[in-house]
Amino acid sequence: MELSKKNVFITGSTRGIGLAVAHQFASQGANIVLNGRSAISDELLAQFSDYDVKVVAISGDVSDSADTKRMIAEATEALGSVDVLINNAGITNDKLMLKMTQEDFEKVLKINLTGAFNMTQAVLKAMSKARQGAIINMSSVVGLMGNVGQANYAASKAGLLGLTKSVAREVAGRNVRVNAIAPGFIASDMTDAIPEKAKQAMIAQVPMKRIGQAEEVAQVAIFLASQEYLTGQVLAIDGGMTMQG
(Lines give C-alpha, C1' and ligand atoms only; values in the text may rest on other atoms or scores of the structure.)
Protein backbone atom coordinates (compact mmCIF):
# COMPACT_ATOMS: atom_id res chain seq x y z
CA MET A 1 0.00 0.00 0.00
CA GLU A 2 1.26 3.43 -0.93
CA LEU A 3 0.81 5.44 2.29
CA SER A 4 0.79 8.95 0.85
CA LYS A 5 -2.69 10.51 1.21
CA LYS A 6 -4.00 7.46 3.06
CA ASN A 7 -6.02 8.06 6.24
CA VAL A 8 -4.58 6.50 9.40
CA PHE A 9 -6.47 6.26 12.71
CA ILE A 10 -4.18 5.54 15.68
CA THR A 11 -5.83 4.89 19.04
CA GLY A 12 -3.91 5.99 22.11
CA SER A 13 -1.71 8.29 20.06
CA THR A 14 -1.13 11.21 22.42
CA ARG A 15 2.20 9.85 23.71
CA GLY A 16 4.65 6.96 23.62
CA ILE A 17 4.46 4.38 20.86
CA GLY A 18 1.17 5.72 19.51
CA LEU A 19 2.56 9.22 19.04
CA ALA A 20 5.73 7.86 17.42
CA VAL A 21 3.57 5.84 15.03
CA ALA A 22 1.60 8.97 14.15
CA HIS A 23 4.80 10.87 13.32
CA GLN A 24 6.13 8.02 11.17
CA PHE A 25 2.94 7.82 9.10
CA ALA A 26 2.77 11.59 8.75
CA SER A 27 6.35 11.57 7.48
CA GLN A 28 5.17 9.18 4.75
CA GLY A 29 2.48 11.64 3.68
CA ALA A 30 -0.46 9.96 5.40
CA ASN A 31 -3.30 11.90 6.99
CA ILE A 32 -3.56 11.24 10.72
CA VAL A 33 -6.30 10.87 13.31
CA LEU A 34 -4.85 11.46 16.76
CA ASN A 35 -6.87 9.79 19.49
CA GLY A 36 -7.04 9.62 23.26
CA ARG A 37 -9.64 9.47 25.98
CA SER A 38 -9.14 13.14 26.91
CA ALA A 39 -9.16 16.27 24.79
CA ILE A 40 -6.06 16.59 22.61
CA SER A 41 -4.05 19.77 23.12
CA ASP A 42 -3.18 22.35 20.49
CA GLU A 43 0.47 21.87 21.48
CA LEU A 44 0.28 18.22 20.45
CA LEU A 45 -1.37 19.06 17.15
CA ALA A 46 1.33 21.67 16.53
CA GLN A 47 3.94 18.88 16.47
CA PHE A 48 2.56 17.91 13.06
CA SER A 49 2.61 21.37 11.49
CA ASP A 50 5.72 20.65 9.42
CA TYR A 51 4.11 17.69 7.64
CA ASP A 52 2.12 18.32 4.46
CA VAL A 53 -0.80 16.23 5.73
CA LYS A 54 -4.16 16.64 7.41
CA VAL A 55 -4.24 15.92 11.14
CA VAL A 56 -7.45 15.75 13.13
CA ALA A 57 -8.02 15.09 16.83
CA ILE A 58 -10.85 12.77 17.87
CA SER A 59 -11.22 11.88 21.52
CA GLY A 60 -13.25 8.96 22.81
CA ASP A 61 -13.44 5.69 24.69
CA VAL A 62 -12.47 2.63 22.66
CA SER A 63 -14.10 0.34 25.21
CA ASP A 64 -17.50 1.84 24.35
CA SER A 65 -18.91 0.36 21.15
CA ALA A 66 -21.16 3.31 20.41
CA ASP A 67 -18.30 5.75 20.96
CA THR A 68 -16.04 3.89 18.53
CA LYS A 69 -18.72 4.10 15.84
CA ARG A 70 -19.03 7.82 16.53
CA MET A 71 -15.24 8.31 16.28
CA ILE A 72 -14.98 6.46 12.97
CA ALA A 73 -17.93 8.45 11.60
CA GLU A 74 -16.17 11.69 12.57
CA ALA A 75 -12.91 10.53 11.01
CA THR A 76 -14.70 9.56 7.80
CA GLU A 77 -16.46 12.94 7.64
CA ALA A 78 -13.19 14.82 8.20
CA LEU A 79 -10.83 12.80 5.99
CA GLY A 80 -12.69 10.06 4.14
CA SER A 81 -12.68 6.35 4.85
CA VAL A 82 -10.06 5.01 7.25
CA ASP A 83 -7.40 3.13 5.26
CA VAL A 84 -5.19 2.05 8.18
CA LEU A 85 -6.26 1.38 11.76
CA ILE A 86 -3.66 1.03 14.51
CA ASN A 87 -5.17 -0.43 17.68
CA ASN A 88 -2.62 0.94 20.13
CA ALA A 89 -4.71 2.14 23.09
CA GLY A 90 -3.93 0.18 26.23
CA ILE A 91 -3.57 0.30 30.00
CA THR A 92 -1.88 -1.71 32.73
CA ASN A 93 -3.02 -2.47 36.26
CA ASP A 94 -0.37 -4.81 37.63
CA LYS A 95 -1.02 -7.05 40.62
CA LEU A 96 -0.19 -10.60 41.58
CA MET A 97 -2.96 -13.01 40.70
CA LEU A 98 -3.87 -13.67 44.33
CA LYS A 99 -4.42 -9.94 44.90
CA MET A 100 -6.08 -9.15 41.57
CA THR A 101 -9.79 -8.40 41.69
CA GLN A 102 -12.26 -9.22 38.94
CA GLU A 103 -12.52 -5.48 38.30
CA ASP A 104 -8.72 -5.24 37.94
CA PHE A 105 -8.82 -8.03 35.37
CA GLU A 106 -11.82 -6.91 33.37
CA LYS A 107 -10.84 -3.23 33.22
CA VAL A 108 -7.61 -4.05 31.39
CA LEU A 109 -9.31 -6.46 28.99
CA LYS A 110 -12.05 -3.93 28.25
CA ILE A 111 -9.59 -1.30 27.01
CA ASN A 112 -6.85 -3.47 25.50
CA LEU A 113 -8.88 -6.25 23.88
CA THR A 114 -12.52 -5.23 23.66
CA GLY A 115 -11.36 -1.78 22.52
CA ALA A 116 -9.52 -3.33 19.58
CA PHE A 117 -12.56 -5.45 18.76
CA ASN A 118 -14.82 -2.38 18.79
CA MET A 119 -12.53 -0.30 16.59
CA THR A 120 -11.93 -3.14 14.16
CA GLN A 121 -15.64 -3.82 13.79
CA ALA A 122 -16.25 -0.10 13.22
CA VAL A 123 -13.90 0.09 10.20
CA LEU A 124 -14.21 -3.39 8.74
CA LYS A 125 -17.34 -3.00 6.64
CA ALA A 126 -16.00 0.03 4.76
CA MET A 127 -12.58 -1.58 4.28
CA SER A 128 -14.15 -4.79 2.97
CA LYS A 129 -16.38 -2.86 0.58
CA ALA A 130 -13.38 -0.85 -0.68
CA ARG A 131 -11.35 -4.08 -0.97
CA GLN A 132 -8.36 -2.47 0.69
CA GLY A 133 -7.19 -1.67 4.19
CA ALA A 134 -4.73 -2.55 6.93
CA ILE A 135 -5.31 -3.14 10.63
CA ILE A 136 -2.40 -3.38 13.05
CA ASN A 137 -2.91 -4.51 16.63
CA MET A 138 -0.32 -3.48 19.21
CA SER A 139 0.25 -6.57 21.35
CA SER A 140 3.30 -7.22 23.55
CA VAL A 141 5.96 -9.82 24.29
CA VAL A 142 4.02 -10.26 27.54
CA GLY A 143 1.23 -11.72 25.41
CA LEU A 144 3.72 -14.24 24.02
CA MET A 145 5.51 -15.26 27.21
CA GLY A 146 3.55 -13.95 30.21
CA ASN A 147 4.93 -11.92 33.09
CA VAL A 148 4.68 -11.98 36.86
CA GLY A 149 2.02 -9.60 38.11
CA GLN A 150 0.49 -9.05 34.70
CA ALA A 151 -2.05 -11.83 34.22
CA ASN A 152 -4.65 -9.30 33.10
CA TYR A 153 -2.32 -7.48 30.71
CA ALA A 154 -0.89 -10.72 29.32
CA ALA A 155 -4.37 -12.12 28.75
CA SER A 156 -5.42 -8.99 26.88
CA LYS A 157 -2.32 -8.94 24.70
CA ALA A 158 -2.49 -12.70 23.99
CA GLY A 159 -6.14 -12.21 23.10
CA LEU A 160 -5.11 -9.61 20.54
CA LEU A 161 -3.04 -12.25 18.77
CA GLY A 162 -6.02 -14.56 18.44
CA LEU A 163 -8.17 -11.66 17.29
CA THR A 164 -5.54 -10.70 14.72
CA LYS A 165 -5.27 -14.15 13.17
CA SER A 166 -9.01 -14.82 13.15
CA VAL A 167 -9.99 -11.51 11.55
CA ALA A 168 -7.10 -11.82 9.08
CA ARG A 169 -8.57 -15.13 7.86
CA GLU A 170 -12.05 -13.65 7.58
CA VAL A 171 -11.13 -10.63 5.45
CA ALA A 172 -8.06 -11.74 3.47
CA GLY A 173 -10.27 -12.40 0.44
CA ARG A 174 -11.36 -8.75 0.54
CA ASN A 175 -7.74 -7.58 0.44
CA VAL A 176 -7.86 -6.33 4.02
CA ARG A 177 -4.74 -7.24 5.98
CA VAL A 178 -4.58 -7.70 9.75
CA ASN A 179 -1.28 -8.04 11.61
CA ALA A 180 0.12 -7.52 15.08
CA ILE A 181 3.25 -6.06 16.63
CA ALA A 182 4.65 -7.42 19.89
CA PRO A 183 7.04 -4.84 21.38
CA GLY A 184 9.46 -5.80 24.11
CA PHE A 185 10.99 -3.34 26.58
CA ILE A 186 10.49 0.04 24.92
CA ALA A 187 11.62 3.40 26.34
CA SER A 188 8.67 5.29 27.81
CA ASP A 189 7.60 7.39 30.77
CA MET A 190 7.10 4.12 32.62
CA THR A 191 10.59 2.76 31.95
CA ASP A 192 12.12 6.17 32.78
CA ALA A 193 10.60 5.88 36.27
CA ILE A 194 12.03 2.41 36.92
CA PRO A 195 14.97 2.36 39.38
CA GLU A 196 18.28 1.87 37.63
CA LYS A 197 18.95 -1.52 39.24
CA ALA A 198 15.59 -2.87 38.10
CA LYS A 199 16.12 -1.40 34.64
CA GLN A 200 19.46 -3.17 34.31
CA ALA A 201 17.80 -6.45 35.32
CA MET A 202 15.28 -5.91 32.51
CA ILE A 203 18.01 -5.18 29.98
CA ALA A 204 19.84 -8.37 31.04
CA GLN A 205 16.91 -10.37 29.65
CA VAL A 206 17.35 -8.81 26.20
CA PRO A 207 19.94 -10.47 23.94
CA MET A 208 20.71 -7.11 22.31
CA LYS A 209 21.32 -5.61 25.78
CA ARG A 210 19.33 -2.43 25.33
CA ILE A 211 15.83 -1.02 25.57
CA GLY A 212 14.07 -0.36 22.28
CA GLN A 213 12.79 3.00 21.08
CA ALA A 214 9.22 3.91 20.19
CA GLU A 215 10.41 5.06 16.77
CA GLU A 216 11.69 1.54 16.05
CA VAL A 217 8.25 0.11 16.78
CA ALA A 218 6.71 2.77 14.54
CA GLN A 219 8.91 1.66 11.66
CA VAL A 220 7.50 -1.86 11.97
CA ALA A 221 4.00 -0.38 11.74
CA ILE A 222 4.98 1.35 8.50
CA PHE A 223 6.29 -1.94 7.12
CA LEU A 224 3.13 -3.86 8.02
CA ALA A 225 0.85 -1.20 6.56
CA SER A 226 2.85 -1.13 3.32
CA GLN A 227 3.23 -4.83 2.56
CA GLU A 228 0.40 -6.05 0.31
CA TYR A 229 1.01 -9.81 0.74
CA LEU A 230 1.50 -10.01 4.49
CA THR A 231 -1.38 -10.80 6.82
CA GLY A 232 -2.13 -12.74 10.01
CA GLN A 233 1.41 -12.27 11.30
CA VAL A 234 2.91 -11.22 14.62
CA LEU A 235 6.21 -9.33 14.49
CA ALA A 236 8.07 -9.18 17.79
CA ILE A 237 10.37 -6.18 18.07
CA ASP A 238 12.06 -7.11 21.31
CA GLY A 239 15.85 -7.26 20.84
CA GLY A 240 15.63 -11.04 20.62
CA MET A 241 13.75 -11.74 23.88
CA THR A 242 11.28 -14.17 22.34
CA MET A 243 13.43 -15.70 19.62
CA GLN A 244 12.94 -19.41 19.03
CA GLY A 245 15.36 -22.00 17.73
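As the structure is a computational prediction, the values presented were derived from the model and not from experiment.

Some thoughts on the sheet that holds strand E2 (residues 31-36)
- Taken together, seven strands build an open sheet; the order of strands is E3-E2-E1-E4-E5-E6-E7 and the sheet is parallel. Pairing within the sheet leaves two strands with one partner each, and these edge strands are strand E3 (55-59) and strand E7 (234-237). Adjacent strand axes in the sheet meet at a mean angle of 20° when their direction is disregarded.
- Taken together, the four bridges between strand E6 (residues 176-183) and E7 define a ladder with parallel strand orientation. Its bridge partner lying in E7, Pro183 is registered against Ile237.
- Lying on the sheet, helix H6 (residues 151-171) is in contact with strand E5 (133-138), E6 and E7; it crosses E6 at an angle near 160°.

Section: unusual backbone geometry
- In this structure, Lys5 takes a positive phi of about 70° despite not being glycine.
- The phi dihedral of Asn175 is positive, around 65°, even though this residue is not glycine.
- With respect to the helices and strands, Asn175 occurs in the loop between H6 and E6.

Some points on the UniProt feature "binding site: NADP(+)" (unreviewed entry) in the chain
- UniProt feature "binding site: NADP(+)" (unreviewed entry): in the numbering of this structure it lies at Gly12, Ser13, Thr14, Arg15, Asn88, Tyr153, Ala154, Ala155, Ser156, Lys157 and Ile186. A stretch of 175 residues holds the annotated residues, and the largest C-alpha distance among them is 24.4 Å, long enough that they do not meet in one place.
- On the secondary structure map, Thr14 appears in the loop between strand E1 (7-10) and helix H1 (16-27).
- Dropping the residues within four chain positions of it, Thr14 is found in contact with Leu19, Asn35, Gly36, Ile40 and Leu44.

Quick word on the pairing of E2
- Taken across its six residues, E2 has six buried, putting it largely inside the fold.
- Across four bridges, E1 lies against E2 in parallel orientation. In the sheet register, Asn7 faces E2, and the bridge partner there is Asn31.
- With H1 bridging E1 and its parallel neighbour E2, the resulting β-α-β unit is right-handed.

As for H1
- Given a rise of 1.5 Å per residue, 12 residues ought to cover 16 Å, and the 17 Å separating the end C-alpha atoms of H1 matches this to within 8%.
- Extensive coverage of H1 is indicated by the burial of 10 of its 12 residues.
- Those residues of H1 that sit buried are Ile17, Gly18, Leu19, Ala20, Val21, Ala22, His23, Gln24, Phe25 and Ala26.
- Downstream of H1 by one or two residues, Gly29 has phi in the positive range, about 90°.

Re the environment of Arg210
- Structurally, Arg210 is set in the loop between helix H8 (196-204) and helix H9 (214-226).
- Taking the C-alpha atoms as reference, Arg210 lies 9.5 Å from Asp238; in sequence the two are 28 residues apart.
- Arg210 has contacts with Ile203 and Glu216, leaving out every residue within four places of it along the chain.

Examining H6
- Counted at 1.5 Å a residue, the expected span for H6 with its 21 residues is 30 Å, and the 30 Å between its end C-alpha atoms agrees.
- Buried-residue contacts for H6 involve helix H4 (102-130), E5, helix H5 (141-145), E6 and E7.

Observations concerning the pattern of salt bridges
- Tallied over the full model, the rule gives six salt bridges.
- Asp104 is paired through a salt bridge with Lys95; the nearest N and O atoms lie 2.9 Å apart.
- Overall, Asp104 belongs to the buried group, its relative accessible area being 8%.
- A residue is classified by how much of its surface remains accessible, and Lys95, at 32% relative accessible area, is partly exposed.
- Between Arg210 and Glu216 there is a salt bridge, with the nearest N and O atoms lying 2.7 Å from each other.
- On the basis of relative accessible area, Glu216 is assigned to the partly exposed category, the value being 25%.
- By sharing partners, the salt bridges in this structure join Asp67, Arg70 and Glu74 into a single network.

Points about the packing of H1 against H9
- Packing of H1 against H9 brings their axes to within 8 Å, and their N-to-C directions diverge by 55°. Taken as axis vectors, H1 and H9 run oblique relative to one another. Once H1 is placed against H9, the crossing between them reads as right-handed. Packed against H1, whose contacting residues are Gly16, Ile17, Ala20, Val21, Gln24 and Phe25, the element H9 presents Ala214, Glu215, Val217, Ala218, Gln219, Ala221, Ile222 and Ala225 at the interface.
- In terms of residue class, the contact of H1 with H9 is made up of 10 nonpolar, three polar and one charged.

So, how was this worked out
- Residues numbered from 1 in each chain as written.
- Predicted model: local features only at pLDDT ≥ 70, side-chain atom pairs only at ≥ 80, totals over all residues.
- Heavy atoms only, no water.
- Pairing = 2+ DSSP bridges.
- Helix = DSSP H or I, 4+ residues; strand = E, 2+ residues; numbered from the N terminus.
- Axes fitted to C-alpha atoms, helices over the stretch in contact; angles between N-to-C directions.
- Contact = heavy atoms within 4.5 Å.
- UniProt positions renumbered as here; feature names shortened; annotations may be inferred.
- Buried < 20%, exposed > 50% of the residue type's maximum accessible area, 1.4 Å probe, protein only.
- Right-handed = clockwise from strand over helix to strand, strands pointing away.
- Expected span 1.5 Å × (residues − 1).
- Salt bridge = Lys/Arg side-chain N within 4 Å of Asp/Glu carboxyl O.
- Parallel < 35°, antiparallel > 145°, perpendicular 65-115°, else oblique.
- Left-handed = near helix turned anticlockwise from the far one by under 90°.
- Nonpolar A, V, L, I, M, F, W, Y, C, P; charged D, E, K, R; others polar.

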